[in-house]
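If you want the building blocks of each chain, they are given just below.
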Amino acid sequence: QNAKLSFEGGNIGAFSLSKDGYEIDTEKSFESVKKTFADNPFLKDVALETNILKPEVTSTDLDKYGIKELIAVGTSNFRGSPKNRIHNITVGAARFNGVLIKPGEEFSFIKTLGPVDASTGYLPELVIKVDKTIPEYGGGMCQVSTTMFRAALNAGLKITARTNHAYPVQYYAPQGLDATVYIPKPDLMFLNDTQKYILVQTRIEGTQLFFDFFGTSDGRQTKIVGPFVTSRGEAGAMKTIVTQEVYGTDGNLIRKSEFKSNYDSPDKYPHPGQGKLTEKPTGWSSNEWKAYKKANGM
């Protein structure tokens, strides 16, 4: 188990300690079992041979990670969210608190997030799926991915995978700075090209979600231009563009990345509204419907 790190008051610490793991050495265990039963066929207990698995992130010698300062912040506002959505945002954001991104690592939001279902603490809430908006476990997770996308943008990191939502969502204003995710795809991915470790911390203040990136600045400066609405269609459809410009210590442009978004009209994606459901949606299992009713006091 990797340590979960924290940065506070200019110092790095661990709020969750690392733990060694163990795996069975199948070859040595097989020989041990054969020998044990050959010597005593009536023995009930057999010792298995194991190998120790060391965690990548340890609780000791924390200075080696070089976490020295705040390098970027991403924020979004989930004001007006229903109870289940707020719950899912809280659970999802906690998955990323204390995550350490290695130098040169291409970070995957989906991989780090892990399973999203009742067993991992999520509740049913609205998600955009194909051509409609329906309740599923983990609805609201895009609030988390959107906020992390904004932090990565502001840090000047290279975004390698990002997809906008099917239609403009009020929680992600200004439009054009959102990032939708859904297991297994689409994913949010970016490259840590700072040559230093990046520590991710999350926090919620009121109805605002924050992603704080800590590390060691390499002197780069990031300029976010936009987002700008480039065209508007009927019933809320629109196109937007936002540009990330990254400059080196000499002031020269290192990278310029454009993120174009094409949003349909929300009218094309009917949904049951923000109120409680009265009937089990098509495709839900009895257990999913039971969990939803319990969560909503029905």
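Note: the structure precedes this text.
Now for a quick tour of the structure.

### Topic: the packing of helix H2 (residues 83-94) against helix H4 (residues 141-154)
Contact pair H2 / H4: the axes reach a minimum separation of 7 Å and the direction vectors enclose 45 degrees. Considered as vectors, H2 and H4 are oriented oblique to each other. As for how H2 packs across H4, the hand of that crossing is right-handed. Listed contacts from H4 to Arg-85, Asn-88, Ile-89, Gly-92 and Ala-93 of H2 are Met-141, Gln-143 and Val-144.

### Examining the nonpolar core
The biggest cluster of nonpolar side chains holds 42 residues, and the ones touching the most others in it are Phe-96, Phe-109, Met-148, Phe-190, Phe-211 and Phe-213. Those elements that place two or more of their residues in this core are H2, helix H3 (109-113), H4, strand S12 (198-205) and strand S13 (208-215). The element contributing the most residues to this core is H4, with eight residues. Counting eleven residues, the second-largest nonpolar core is a separate cluster that includes Ala-3, Ile-12, Tyr-65 and Leu-199.

### Re the sheet that holds strand S16 (residues 253-263)
Read across the open sheet, the three strands follow the order S14-S15-S16; overall the sheet is antiparallel. Each having just a single partner strand, strand S14 (221-232) and S16 make up the two edges of the open sheet. Ignoring strand direction, the axes of neighbouring strands in this sheet form an average angle of 15 degrees. Of the strand pairs in this sheet, strand S15 (residues 238-247) and S16 are connected by ten bridges, and their pairing is antiparallel. Bridge pairing in S16 links Thr-240 to Ser-261. Lying over the sheet, H4 contacts S14, S15 and S16, oriented at roughly 125 degrees with respect to S14.

Cut-offs applied
- Residues numbered from 1 in each chain as written.
- Predicted model: local features only at pLDDT ≥ 70, side-chain atom pairs only at ≥ 80, totals over all residues.
- Heavy atoms only, no water.
- Axes fitted to C-alpha atoms, helices over the stretch in contact; angles between N-to-C directions.
- Helix = DSSP H or I, 4+ residues; strand = E, 2+ residues; numbered from the N terminus.
- Parallel < 35°, antiparallel > 145°, perpendicular 65-115°, else oblique.
- Left-handed = near helix turned anticlockwise from the far one by under 90°.
- Contact = heavy atoms within 4.5 Å.
- Core = buried A, V, L, I, M, F, W, Y, C linked by side-chain atoms within 4.5 Å.
- Buried < 20%, exposed > 50% of the residue type's maximum accessible area, 1.4 Å probe, protein only.
- Pairing = 2+ DSSP bridges.

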